[in-house]
Amino acid sequence: EIIIEKFKTQTEGASQLLVSKQAMSTILKTGKFSIEFLMKLKKAVPELNLNWLMEGSGDKYIGKDEKLYALVNDRLVYYGKLEQDMIGILKEEIVHLRGHVDFLQDQIKAERAVK
């Protein structure tokens, strides 16, 4: 679907992605591809949402109003969320972290009181 949409023909897609016509045909028939092919495709079509391609989730393309967000050490990685959605998520994360800091400070005080 992406190949025809972006490159118009299998032959043009194979040429642009530097793979053989036979390899392109096999990929399109089976839906199986290597990580090398995936990297070439992403480089050629940077707006392609890899979550959509590999899992069928989200929109096919990441719009220019969307960004990649990854919260380090979080339970989830937010991919392609709108900024407005992320503000609410980040506010919740701040409240959670403040609570954790308060808990740790209380533990430190308790340990110091025992010594």
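It should be noted that the structure appears before, not after, this text.
Residues numbered from 1 in each chain as written. Predicted model: local features only at pLDDT ≥ 70, side-chain atom pairs only at ≥ 80, totals over all residues. Heavy atoms only, no water.

### Some details on the overall build of the protein chain
Each helix and strand in the protein chain was counted, giving six helices and two strands. The buried share of the protein chain, reckoned over its 115 residues, is 20%. In the protein chain, 24% of the contacts between residues at least 6 apart in sequence involve partners at least 24 apart. Carbon and sulfur atoms form 56% of the exposed surface of the protein chain, whose accessible area is close to 8900 Å². (Helix = DSSP H or I, 4+ residues; strand = E, 2+ residues; numbered from the N terminus. Buried < 20%, exposed > 50% of the residue type's maximum accessible area, 1.4 Å probe, protein only. Contact = heavy atoms within 4.5 Å. Areas by Shrake-Rupley, 256 points an atom, 1.4 Å probe, with all protein chains shown as cover.)

### Let's talk about the packing of aromatic side chains
According to the stated counting rule, one finds one aromatic pair in the structure shown. With a centroid separation of 6.1 Å and an interplanar angle of 45 degrees, the aromatic rings of Phe33 and Phe37 are classed as tilted. We classify Phe33 as partly exposed; its relative accessible area is 32%. Among the residues examined, Phe37 registers a relative accessible area of 5% and is labelled buried. (Phe/Tyr/Trp six-rings, centres within 6.5 Å; stacked < 30°, edge-to-face > 60°.)

### Description of the environment of Lys21
Note that Lys21 resides in helix H3 (residues 21–30). Distance in space between the C-alpha atoms of Lys21 and Gln10 is 7.1 Å, their sequence separation being eleven residues.

### Focus: the nonpolar core
Generally speaking, a soluble globular protein has its nonpolar side chains buried in company with each other. Judged by nonpolar contacts, Ile2, Ile3, Phe7, Ala14, Leu17, Met24, Ile27, Phe37, Leu41, Val45, Leu48 and Trp52 together constitute the single largest core of twelve residues. Looking at this core, the elements that each hand over two or more residues are helix H1 (2–7), helix H2 (10–17), H3 and helix H4 (35–44). With three residues, the top contributor of residues to this core is H1. Contact partners of Phe7, with chain neighbours within four places excluded, come to Ile2, Glu12, Gly13, Gln16, Leu17, Leu41, Ala44 and Val45. (Core = buried A, V, L, I, M, F, W, Y, C linked by side-chain atoms within 4.5 Å.)

### A closer look at the side chain of Asn49
Within the secondary structure, Asn49 is located in the loop between H4 and helix H5 (50–55). Accessibility expressed as a relative area gives 7% for Asn49, which makes it buried. One polar contact links the side chain of Asn49 to the main-chain amide nitrogen of Asn51, over a distance of 2.9 Å. In this structure the side chain of Asn49 is engaged in a polar contact, spanning 2.9 Å, whose partner is the backbone oxygen of Asp59. (Polar contact = N/O pair within 3.5 Å; in protein donor to acceptor, adjacent residues only side chain to side chain.)

### So, the pattern of salt bridges
The full count for this structure, using the stated rule, is three salt bridges. We note a salt bridge from Lys60 to Glu5, for which the minimum N-O separation is 2.8 Å. Pair noted here: Lys60 is in the loop between H5 and strand E1 (66–68) and Glu5 is in helix H1, with a separation of 55 residues, a long-range link. Exposure remark for Lys60: the relative accessible area of 18% places this residue in the buried category. Across the salt bridge formed by Lys40 and Glu36, the nearest N and O atoms sit 3.4 Å from each other. You can see Lys40 and its partner Glu36 sitting in helix H4, four residues apart, about one turn around the helix. (Salt bridge = Lys/Arg side-chain N within 4 Å of Asp/Glu carboxyl O.)

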